[in-house]
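Coordinate inspection notes
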Amino acid sequence: MARAAAQSPARMMALLLLLLKHSALWRGHEAAPLDPASPPSLPLPRSFVLKCLEQARRAQAEAVAMQEKLCAMHKLCHPEELALLGHSLGIPWAHLRSCSSQDLQLASCLRQLQAGLLLYQGLLQALAGVSPELSPTVDTLQLDVADFATTVWQQMEELGVAPATQPMQGIMPTFTSAFQRQAGGVLVASHLQSFLELAYRTLRYLTGP
């Protein structure tokens, strides 16, 4: 019995390290740099791309501010330490696989970008009530993410690549305690920053050198 108890923390640590390693490799894969020297010829208006760049940077700055406030207020400063909790809570990730290769697929990239923004909009809604001090930041971020998603959707409609109906947000995690909501806020803010960074670099790629 004592031997099993002694091995349990070791197994948990091994699991945590494995998960963190997988998470780091996944983020590295998702954030593979694009070659700015030879952007594809895509029918995207420059005004649309510039507007998206502005929206991405604004939302990313707000996500950083949200994470910094959670760190200062609740001492939750390291998202990687909350990876197991995020997994158990079922907090989903959004990906941009169609945006991160030399064979960039415009329609798929825009669909993944818009679907990812809708996902994070839903996650921010699920964080409502995280704390009175954070509510204005979360509400503003949610609105800006929603505006960004609308911008992308409208461009998809103009290009004729929008689905017949907008994608659903899917099932959002349920936070049953203040700590879960605070930890979830850290993870959502961190994931959203990574997503927006890749979106920003993809959009910069589309503007050419």
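As the structure is a computational prediction, the values presented were derived from the model and not from experiment.

**Comments concerning the overall build of the protein chain**
- On a plain count of helices and strands, the protein chain comes out with six helices and zero strands.
- In sequence order, the secondary structure elements of the protein chain are arranged as α-α-α-α-α-α.
- Out of the 209 residues belonging to the protein chain, those deemed buried represent 44%.
- Sequence-distant contacts, at least 24 apart, represent 87% of the contacts inside the protein chain between residues at least 6 apart.
- Just so you have it, the protein chain exposes about 11,000 Å², and 59% of that area is on carbon and sulfur atoms.

**Focus: helix H6 (residues 178–206)**
- Compared with the 42 Å implied by 1.5 Å per residue over 29 residues, the 42 Å span of H6 between its first and last C-alpha is a close match.
- Burial runs high along H6: 23 of the 29 residues are buried.

**Some remarks on unusual backbone geometry**
- With phi around 60°, Lys75 is a residue other than glycine that occupies positive phi space.
- With respect to the helices and strands, Lys75 occurs in the loop between helix H2 (46–74) and helix H3 (83–89).
- Taking relative accessible area as the criterion, Lys75 reaches 65% and is therefore assigned exposed.

**Considerations on the environment of Val130**
- Note on placement: Val130 falls in the loop between helix H4 (106–126) and helix H5 (135–159).
- Residue class for Val130 comes out buried when judged on its relative accessible area of 7%.
- Here the alpha-carbon distance between Val130 and Gln180, two residues 50 residues apart in the chain, equals 9.2 Å.
- Leave out the neighbours within four places in its chain, and Val130 touches Leu70, Val138, Arg181 and Gln182.

**Examining H5**
- End to end, H5 covers 36 Å across 25 residues, agreeing with the expected 36 Å (1.5 Å per residue, within 8%).
- In the stretch just after H5, Gly160 is the one whose phi turns positive, near 75°.

**What to know about the confidence of the model for the protein chain**
- Residues of the protein chain with pLDDT of at least 70 account for 77%, and the chain-wide mean is 81.
- Residue range residues 1–33 is modelled with pLDDT below 50. Its contacts to residues more than four positions away, or to other chains, number 24 contacts.

**Digging into the state of the cysteines**
- Per the counting criterion, the structure on display carries two disulfides.
- Across the disulfide from Cys71 sits Cys77; the S-S distance is 2.0 Å. As the torsion about the S-S bond is roughly 85°, the Cys71-Cys77 disulfide counts as right-handed.
- In this model Cys99 forms its disulfide with Cys109; the gap between the sulfur atoms is 1.9 Å. Between Cys99 and Cys109, the disulfide has an S-S torsion of 115° and is therefore right-handed. Pair noted here: Cys99 is in the loop between H3 and H4 and Cys109 is in helix H4, with a separation of ten residues, a long-range link.
- The class for Cys99 is buried, based on a relative accessible area of 2%.
- Cysteine pairing for the protein chain, with bonded cysteines counted in sequence order: 1-2, 3-4.

**Quick notes on the side chain of Asp144**
- Considering the arrangement of structural elements, one finds Asp144 in helix H5.
- Residues in contact with Asp144, not counting those within four places in the same chain, are Arg58 and Glu62.

**A look at the packing of H2 against H6**
- At a minimum axis separation of 9 Å, H2 and H6 run at an interaxial angle of 155°. Taken as axis vectors, H2 and H6 run roughly antiparallel relative to one another. At the point where H2 passes H6, the crossing takes the left-handed sense.
- Grouping the constituent residues of the contact of H2 with H6 by class yields 15 nonpolar, seven polar and three charged.

Parameters and conventions
- Residues numbered from 1 in each chain as written.
- Predicted model: local features only at pLDDT ≥ 70, side-chain atom pairs only at ≥ 80, totals over all residues.
- Heavy atoms only, no water.
- Helix = DSSP H or I, 4+ residues; strand = E, 2+ residues; numbered from the N terminus.
- Buried < 20%, exposed > 50% of the residue type's maximum accessible area, 1.4 Å probe, protein only.
- Contact = heavy atoms within 4.5 Å.
- Areas by Shrake-Rupley, 256 points an atom, 1.4 Å probe, with all protein chains shown as cover.
- Expected span 1.5 Å × (residues − 1).
- pLDDT = per-residue confidence, 0-100.
- Disulfide = S-S within 2.5 Å.
- Axes fitted to C-alpha atoms, helices over the stretch in contact; angles between N-to-C directions.
- Parallel < 35°, antiparallel > 145°, perpendicular 65-115°, else oblique.
- Left-handed = near helix turned anticlockwise from the far one by under 90°.
- Nonpolar A, V, L, I, M, F, W, Y, C, P; charged D, E, K, R; others polar.

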